[in-house]
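# Structure assessment
Okay, here's what each chain looks like letter by letter:
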Amino acid sequence: MGEIVIWALVKIAILFGFALNLSAVLTWMERRQSAMMQDRMGPVKANISGVTLWGLLHPLADALKLATKEDFVPPKAHKAIFVLAPLFAIAPVVMVFAVIPFAPPVCLKQLTAIAPRCVAPEHMQIARIDIGLLYVFAIASISVYGAALAGWASYNNYSLLGGLRASAQMLSYEITMGMALIGTFLVFGTLEPGELVLRQSTIAKWGIVQQPLGFILFFFAAIAETKRAPFDLPEGESEIVGYFVEYSGARFMTFFLGEFLEIVFVGCMVTTIFLGGWQAPGLAADGLHIFGLDLQLPHIAVVGLGLVTFTIKVFIVCFLQLAIRWSLPRMRYDQLMRLGWKGMLPASIINVIITAAVVLWMSSPVKG
Amino acid sequence: MSEHEPTPTPELVTVKIDGKEHQLPKGKNLLEALLDLGEDISYFCYHPGLSVAASCRQCLVGIRGSMVPSCQTTVSDGLELESQSPTVLDARRQMLEFTLVNHPVDCVICDKAGECTLQRHYMDWDGKPSEIDHEKVEKPKKVDVGREIVLDAERCILCSRCVRFCQEIAESPDLVFEYRGNHETLTTAPDRRLDNSYSLNTVDICPVGALTDKDFRFKIRVWELYATRSVCNGCAAGCDTEVHHRDGRIYRMVPPKDWDMNLNWMCDDGRRTYKSVAAQRLTRPLVDGEPAELDAALAAIKERLEPLLAQDRGAIGVVLGADASNEDNFMAARMAYDFLEAGHVYLADSPDNGLGDDILRRDDPNPNRAGARGCARGDLGSSEDLARDLADHKLEALYVVGDRLDLSDETLGQLRGLKLVVVQASEPSRLTDKAHVVLPAAKWAEVHGTITRTSERAKRDLSASRFGRMRPAVEPPGMARPHWDWLKRVGAVLGVTVEFESAHAVFQEMKKQVPFFAEAQWGGKIPTVMLRFAGRRG
Amino acid sequence: MPARTKVVTVKRGLWENLYLPEIVRGLGVTLKHFFINTLGPKSKRQIVTIDYPDVVRELPERYRGVHRLNTREDGSVRCTACMMCATICPANCIHIEAGERENPASRDIEKFPQVFEIDELVCVVCGLCVEACPCDAIRMDTHVHMPPVEHRKDAVLEKPELMSRGTKSIAVDGGAGPDWRDKYTDLGSLTQIYRPDHIERDRERPARR
């Protein structure tokens, strides 16, 4: 019993250390990357006695600034909901990380040995539940409350309109997101993320190869769910103010952090479902077998390499999300809805039908 | 003043100007005739109101091969002259250069800049750097020559306009030239100062900035001013004037540049009357000495006057103002005779001061005594009559229009016993201290209206010009309004609906009803214009 | 004349309507810049911004900065309150109240500005005041950009502050005299350009009479 608790705490520490730190780095990366894409310098000023670390201290400075800012509540706002809304926004994002498998299963008894076959593996995900992906959808759809309630509770017409835009957008794209994954479920035959990763042992078996259309649909629907450009209509800070316009200080920081955690989570999801999770080409349980190389590695090194692989993949997907944000212009709301309902949803349904037909044909006795 | 005598139609003769034949009146001043034809001829010393000196030699024309000042020549039959030929223009340019030999060209600090004749001619005709290669003669600067005037002798171009003005118009030879040639200098005559009562006209006619007005000196540049045509309210003469103002502040009053009935002159005292417009003013209605809102003041009048109207109307007195416009007095008279049926109607005026002369000024310091009398039906009581009636307790209420009612302390004390004293005045006075209700009135420079002039010349001239037209130059301060507007409002609360939209409407009604004003003219629209855009000055 | 309209039809085929290829193309453009600017050789990097205020771009010689008022050789202000600048100012940001010197020596200029204020927030930095000034009194060649202010009234520069940047003018008090043509054969030397480091030098310069 005690062992389970310790394992849980260790996994929580690793995953959240990873997610929170990555989202903090992303706040810096978003600005520096956009600057580099636009031939600017970006933030490089924050320093501790002259040491700037390429501006990496900016997230720290931002956090300090936001934490010490005035906490403003509009006089006519609904106090309780106004205070709770940021938590509604961030809590689901934090919860869904529970099912992400971030490293190969660990065999505690064979840590230093070369272990082609694992005895009593400890799976590196906080919660290993059979309906893991359904859990993700169930929890993620709660986050729409954060936006809608924040907009309503602020007692500000602009906030309310932003909240309404957020609700409609997130509900619309959730359907596409779910439909896009059905093809994947059909191919892999499991809803458990850890199992999903295990079944993507080679690149040919990766989700992105087996379900390219599903990958594109899921990726863009997920970006729409995170409310980022080109789908940043709920909160277009430069032109159309959005649902958290009345928020400041720590409460604003909560929304802000939630948004970047969502980026990280989309990165984790895409990695897990479509990019083979911690699986790296040639990385097997007993070592590296690639380009004729036949390297025997102890189990702990294999786990470490898996973790690094996972991190790199997540990072690349996050980078891609930021690049998309700074490359594409914001859509108009009618274009957004048309794309969602008349473009992506039918495409995802077609994807399901084709996949189902192919899977049926592959497993049919006629072929077999 | 002979110019204004009706002259018989002159005989026209043929004159050849630059090879072109023109029909010009025989005997006319050639410069005037050429200017009438629209010829562009520069001149400094010639002035239509003064004798001819021909000292500046700027208006040269070529007659039979020699250069002759046109101002000193008369139109004669068969005259042939060159006005715009290269030789003549060259001669004028050279004369201009001579004129500039000792002029310091300190336009940047000169108050005349912008309306300076020398500056204009230089810009129009010359525009070259100086060719003179010797030092300029230094002459006295900033000489205090009179009560109102500072002289900068270096700027003087010795045109002698001011000297002639003092001799011929002001009949007070205060200015002379001393020394000769290059060192000739304008100065005051021995034991005299430029202190005649028309001295400021020398500033206007000075073609350069040699004579400047102490009061106006360095206040503002002329091109920044706005000009509004109005009428001087300094005395009964009612000279036409241009009020120069900017941003609600009046800077000076000058005679209009066009040839009008007061001969382009104004007296010094008249020019200073603008100061009273910006003096301490009543800006709010007062009820029993306390500031009140407009409605409260009118309600107080209604409350206290209505019981009297029901009783003996003979105990109500109305005082017309000799400083109020015709329209104001017409409204006051209508109220007194037609509505209040007041038993006593008086005229408040200031007594004659004996400052009148044969030039412009009248003894009567009231701008509109004649107009107030013209509005009256029957005789108007004087302020002595008013004091007597008060002492005899014949009055219960008194309604005063204007600032001119000057009563003794004793009489003012008796005012306290009345049931209601209403005063429409522009400035606080001993009278407004005693009044029950005080209504702040606008001054002459803030209203539209007409006044009736009594100048000698006006009597002789067209009857239309017996009436001078005031136009608003500045906004009235605070809640101050024209007298006629207050009378309209007071009438309205008492139940008389007299709907006049403007002073012009009052004027038209007055012209219809009062024979005295049958020939009065409202006068055309002369818009307020910024001097920068007012065409050529100087 | 009726308004002329031109109808431009954007051709969008299936390829463009798929969005995806065009998105990839767009990403290609931005990512090219990204990688050149991060990983490319220093010579090819295209970053155009500078690390202001640690690095300051050099202002052009004729840059119009905060106004200054030049002084005469005795240190008094050259301005004679002629109002040329206030008259030409298209923004009406110059406010001058003229005064008269109490006891001027006989050749002194009697008029001077008692109040000389420029509202730098209203100023449109057109430089017409400098063009209009007949006395070389007002200049904008300070190379000083108007610093930010907390209150609007702080942006109204008054005479002492305007004069604090002032230097002696290259013009000669009272004029160069009737033989100026002989004295100044090389007019080019009179049109040298002012730099902040000239202030000290100009203060040291002996009076030219």
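In short, a report on the structure. (Residues numbered from 1 in each chain as written. Chains lettered and ligands numbered in written order. Predicted model: local features only at pLDDT ≥ 70, side-chain atom pairs only at ≥ 80, totals over all residues. Heavy atoms only, no water.)

Moving on: the pairing of strand β3 (residues 293–296) of chain A. All names here are of chain A. Of the strand pairs in this sheet, strand β2 (residues 287–290) and β3 are connected by four bridges, and their pairing is antiparallel. When the bridges of β3 are listed, glycine 287 appears paired with glutamine 296. Between β2 and β3, which pair antiparallel and follow one another directly, the connecting turn spans two residues, one of which, phenylalanine 291, has a positive phi of 50 degrees. (Pairing = 2+ DSSP bridges. Helix = DSSP H or I, 4+ residues; strand = E, 2+ residues; numbered from the N terminus.)

Take the side chain of Arg362(B) next. All names here are of chain B. For arginine 362, the location among the structural elements is in the loop between β17 (344–348) and α9 (369–375). For arginine 362, a relative accessible area of 13% gives the class buried. Polar contacts involving the side chain of arginine 362 include one to the main-chain carbonyl oxygen of leucine 360, which spans 3.2 Å. (Buried < 20%, exposed > 50% of the residue type's maximum accessible area, 1.4 Å probe, protein only. Polar contact = N/O pair within 3.5 Å; in protein donor to acceptor, adjacent residues only side chain to side chain.)

All names here are of chain A. Taken together, Leu84, Leu87, Phe88, Ile142 and Tyr145 make up a surface patch of nonpolar side chains, about 450 Å² in accessible area. By residue number, the principal contributor to the nonpolar patch is helix α3 (residues 79–96), which donates three residues. With respect to the secondary-structure elements, leucine 87 resides in helix α3. The class for leucine 87 is partly exposed, based on a relative accessible area of 47%. (Patch = residues over 30% accessible without salt bridge, like charges linked within 9 Å, V, L, I, M, F, W, Y side chains within 5 Å. Areas by Shrake-Rupley, 256 points an atom, 1.4 Å probe, with all protein chains shown as cover. Salt bridge = Lys/Arg side-chain N within 4 Å of Asp/Glu carboxyl O.)

The next point concerns the interface of chain B and chain C. Counting from both sides, the interface comprises 19 residues of chain B and, opposite them, 20 residues of chain C. Counting each side, the surface lost to burial between chain B and chain C is near 1,700 Å², with a carbon and sulfur contribution of 53%. Considering only the surface of chain B that becomes buried against chain C, Val108(B), Ile109(B) and Phe218(B) emerge as the three largest contributors, covering 33% of it. The interface formed by chain B and chain C holds three salt bridges in total. The salt bridge involving Glu100(C) is made with Arg217(B); its shortest N-O contact spans 2.9 Å. The residue makeup of the side of chain B that touches chain C, split by class, is six nonpolar, two polar and 11 charged. (Contact = heavy atoms within 4.5 Å. Buried area = accessible area lost by both parts, 1.4 Å probe. Nonpolar A, V, L, I, M, F, W, Y, C, P; charged D, E, K, R; others polar.)

A word on a negative patch on the surface. Together, Glu131(B), Asp133(B), Glu135(B), Asp179(C) and Asp182(C) line one region of the surface with negative charge. Residue position: Asp179(C) is located in the loop between α5 (159–164) and α6 (180–183). We classify Asp179(C) as partly exposed; its relative accessible area is 37%. (Lys, Arg positive; Asp, Glu negative; His and termini not counted. Charge placed at Lys NZ, Arg CZ, Asp CG, Glu CD.)

Attention now goes to the sheet that holds strand β13 (residues 249–254) of chain B. Residues and elements named next belong to chain B. If you trace the four strands from one edge of the open sheet to the other, you get β13-β12-β11-β23, paired in antiparallel fashion. At either end of the open sheet lies a strand with only one pairing partner, and these are β13 and β23 (529–530). Note that strand β11 (residues 226–231) and strand β12 (residues 240–246) share six bridges and pair antiparallel. When the bridges of β12 are listed, threonine 228 appears paired with valine 243.

To continue, consider the packing of helix α8 (residues 326–339) of chain B against helix α14 (residues 483–494) of chain B. Residues and elements named next belong to chain B. Between α8 and α14, the least distance of the axes is 7 Å, while the angle of their chain directions is 25 degrees. The angle between α8 and α14 places the two elements in the roughly parallel class. Regarding α8 and α14, the two cross each other, and that crossing is left-handed. For the pair α8 and α14, contact is made by Glu327, Asp328, Met331, Ala332, Met335 and Phe339 and by His483, Trp484, Leu487, Lys488, Val490 and Leu494, respectively. (Axes fitted to C-alpha atoms, helices over the stretch in contact; angles between N-to-C directions. Parallel < 35°, antiparallel > 145°, perpendicular 65-115°, else oblique. Left-handed = near helix turned anticlockwise from the far one by under 90°.)

Structural measurements only, silent on function.
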